[in-house]
Amino acid sequence: MTQTFTTSLTDADRTVAFGAALARACTQSTTCYLLGDLGAGKTTFCRGFVQAMGHTGNVKSPTYTLVEPYLLTPWQVYHFDLYRLGDPEELEFMGIRDYFNDQALCLIEWPEKGQGWLPRADLDIRLRYDGEQRELVIDANTHVGVAIIDRLEWED
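As the structure is a computational prediction, the values presented were derived from the model and not from experiment.

1. Concerning the sheet that holds strand 7 (residues 133-140)
Thought 1: Across the sheet, seven strands lie side by side as 1-7-6-2-5-4-3; this open sheet has mixed pairing. Of all strands in the sheet, those bounded by a partner on one side alone are strand 1 (3-9) and strand 3 (67-71). Put simply, the sheet's adjacent strands are angled 15 degrees from each other on average, direction ignored.
Thought 2: Sheet topology places strand 6 (residues 123-130) next to strand 7; eight bridges connect them, and they run antiparallel. By the bridge assignment, Arg 126 is partnered in strand 7 with Val 137.
Thought 3: Where helix 2 (residues 42-52) meets the sheet, its contacts fall on strand 2 (30-35), strand 3, strand 4 (76-81), strand 5 (104-109), strand 6 and strand 7, and the angle it forms with strand 5 comes to roughly 165 degrees.

2. Re the environment of Glu 155
Thought 1: Among the secondary structure elements, Glu 155 is positioned in the segment after helix 5 (143-151).
Thought 2: Residue Glu 155 is classed as exposed on the basis of its relative accessible area of 69%.
Thought 3: In this structure, the C-alpha to C-alpha distance between Glu 155 and Phe 18, residues 137 residues apart in sequence, is 9.7 Å.

3. Some points on the confidence of the model for the protein
Thought 1: Mean pLDDT over the protein stands at 92; residues scoring 70 or higher make up 99%.
Thought 2: Across the protein, the secondary-structure element scoring lowest on mean pLDDT is helix 3 (residues 90-93), at 90, and the one scoring highest is strand 2, at 97.

4. Points about the pattern of salt bridges
Pairing between side chains of opposite charge can happen when the charged atoms of each approach one another.
Thought 1: Under the criterion given, the structure shown has three salt bridges.
Thought 2: Between Arg 126 and Asp 139 there is a salt bridge; the shortest N-O distance is 3.1 Å. With Arg 126 in strand 6 and Asp 139 in strand 7, this residue pair connects regions lying 13 residues apart in the sequence.
Thought 3: Among the salt bridges present, the one from Glu 135 reaches Arg 128, with a minimum N-O distance of 2.8 Å.

5. Description of the side chain of Asp 122
Thought 1: Within the secondary structure, Asp 122 sits in the loop between strand 5 and strand 6.
Thought 2: Not counting residues up to four positions away in its chain, the partners in contact with Asp 122 are Ser 29, Thr 30, Thr 31, Asp 139, Ala 140, Asn 141, Thr 142, Val 144 and Gly 145.

The rules we used
Residues numbered from 1 in each chain as written. Predicted model: local features only at pLDDT ≥ 70, side-chain atom pairs only at ≥ 80, totals over all residues. Heavy atoms only, no water. Pairing = 2+ DSSP bridges. Helix = DSSP H or I, 4+ residues; strand = E, 2+ residues; numbered from the N terminus. Axes fitted to C-alpha atoms, helices over the stretch in contact; angles between N-to-C directions. Contact = heavy atoms within 4.5 Å. Buried < 20%, exposed > 50% of the residue type's maximum accessible area, 1.4 Å probe, protein only. pLDDT = per-residue confidence, 0-100. Salt bridge = Lys/Arg side-chain N within 4 Å of Asp/Glu carboxyl O.

Right, dumping it as structure tokens:
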């Protein structure tokens, strides 16, 4: 049971807009893995997602803090950046399991660094360079993920 969605993102504004569109399609607790090289647009995508959920301030990369919480209504959005994680076991010490609950939308950059300690992703979101633009590919891994792709409203 997988479903794939692919689109091109011509610039940062389109990446933010796509993050917002995906946020609007999330109607239940969701875990998203964000995959891609440095500078591929993962944090830019997260900015659109978090702002669409109602956050009005800056959306920064939690590279040094590992997680940036956005306690919004009705959702808690947690933006993880595991790039600097030394050992996946550190996630247990920070109480990683507490972040994944029925009111949480979790966006996880560099999920491979937390392998074995993270729940399965509903969506794998891959961003990669394609000349001057980015290609975004989403693979739905669960029924929740498939439903999100089905609700997604996006025009290329």
